[in-house]
Amino acid sequence: MRELVRNRLKTDATIANARAFLEVQKEFGSFDAYVWRFVGGRPKQNAWKSHKRLPAKTAESDALSKDLQKRGFRFVGSTICYALMQATGMVNDHLFSCFRYRDLSELV
């Protein structure tokens, strides 16, 4: 693996993050149970009217980032955490005008 990833810090972080992930699983039962605590267990529903208003990070992603770092995770800044929250459905950032907005807001 070290030949594929040229940045040794990122390679070492991957190993450290895997170990930290297992510790979080052990403490909370699953990583899923851990991360959903940062949005109160339910998807956060936003109603953006323009892409210009979409944030790169939020108070929730700041909190997740800080907690992950405290637990030994590396390369987990707030922007990365917010992207995770969007990708996993913890946050609905579809524009109000998007055809998917209504479907996803009904899940909340």
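Residues numbered from 1 in each chain as written. Predicted model: local features only at pLDDT ≥ 70, side-chain atom pairs only at ≥ 80, totals over all residues. Heavy atoms only, no water.

**Student:** Describe in detail the overall build of the protein, supporting the description with residues and values.
**Tutor:** If you tally the helices and strands in the protein, you get five helices and two strands. Secondary structure of the protein in N-to-C order comes out as α-α-β-α-α-β-α. For the protein, with 108 residues in total, the buried portion stands at 28%. When contacts within the protein are restricted to residue pairs at least 6 apart in sequence, long-range pairs at least 24 apart make up 58% of them. Accessible surface, the protein: about 7,400 Å² in total, of which carbon and sulfur atoms supply 56%. (Helix = DSSP H or I, 4+ residues; strand = E, 2+ residues; numbered from the N terminus. Buried < 20%, exposed > 50% of the residue type's maximum accessible area, 1.4 Å probe, protein only. Contact = heavy atoms within 4.5 Å. Areas by Shrake-Rupley, 256 points an atom, 1.4 Å probe, with all protein chains shown as cover.)

**Student:** How would you explain the confidence of the model for the protein if you had to name every residue and give the values?
**Tutor:** For the protein, the mean per-residue pLDDT works out to 87, and 81% of the residues sit at or above 70. By mean pLDDT, helix α5 (residues 99–105) is the weakest element of the protein at 66, and helix α3 (residues 59–70) is the strongest at 98. (pLDDT = per-residue confidence, 0-100.)

**Student:** Explain α3 to me, using residue names and the numbers behind them.
**Tutor:** The end-to-end C-alpha separation of α3 is 16 Å, in line with the 16 Å expected for twelve residues at 1.5 Å each. Those residues of α3 that fall on the buried side of the exposure criterion are Ser 61, Leu 64, Ser 65, Asp 67 and Leu 68. Among the structural elements, α2 (31–36) and α4 (78–87) are those in contact with the buried residues of α3. Note on α3: the residue one or two positions beyond its end, Gly 72, has a positive phi of about 100°. (Expected span 1.5 Å × (residues − 1).)

**Student:** Tell me about the packing of aromatic side chains, and please be specific about residues and values.
**Tutor:** Note on aromatic pairs: each is described by the distance of the centres and the angle between the planes. Applying the stated criterion across every chain yields a total of five aromatic pairs. Aromatic pair Phe 31 and Phe 73: ring centres 6.3 Å apart, planes at 50°, arrangement tilted. Taken as a pair, Phe 31 in helix α2 and Phe 73 in the loop between α3 and α4 lie far apart in primary sequence, 42 residues in all. You'll find Phe 31 and Phe 73 in the same group, each marked buried. Plain terms: the ring middles of Tyr 34 and Phe 38 are 5.4 Å apart, the flat faces sit at 75° to each other, and that makes the pair edge-to-face. (Phe/Tyr/Trp six-rings, centres within 6.5 Å; stacked < 30°, edge-to-face > 60°.)

**Student:** Which residues make up the nonpolar core, and what are the values?
**Tutor:** The biggest cluster of nonpolar side chains holds 17 residues, and the ones touching the most others in it are Phe 31, Tyr 34, Val 35, Leu 64, Leu 68, Phe 73 and Met 85. The biggest single contributor to this core is α2, with four residues. Excluding anything up to four places from it in sequence, Met 85 contacts Val 39, Glu 60, Ser 61, Leu 64, Met 90 and Val 91. (Core = buried A, V, L, I, M, F, W, Y, C linked by side-chain atoms within 4.5 Å.)

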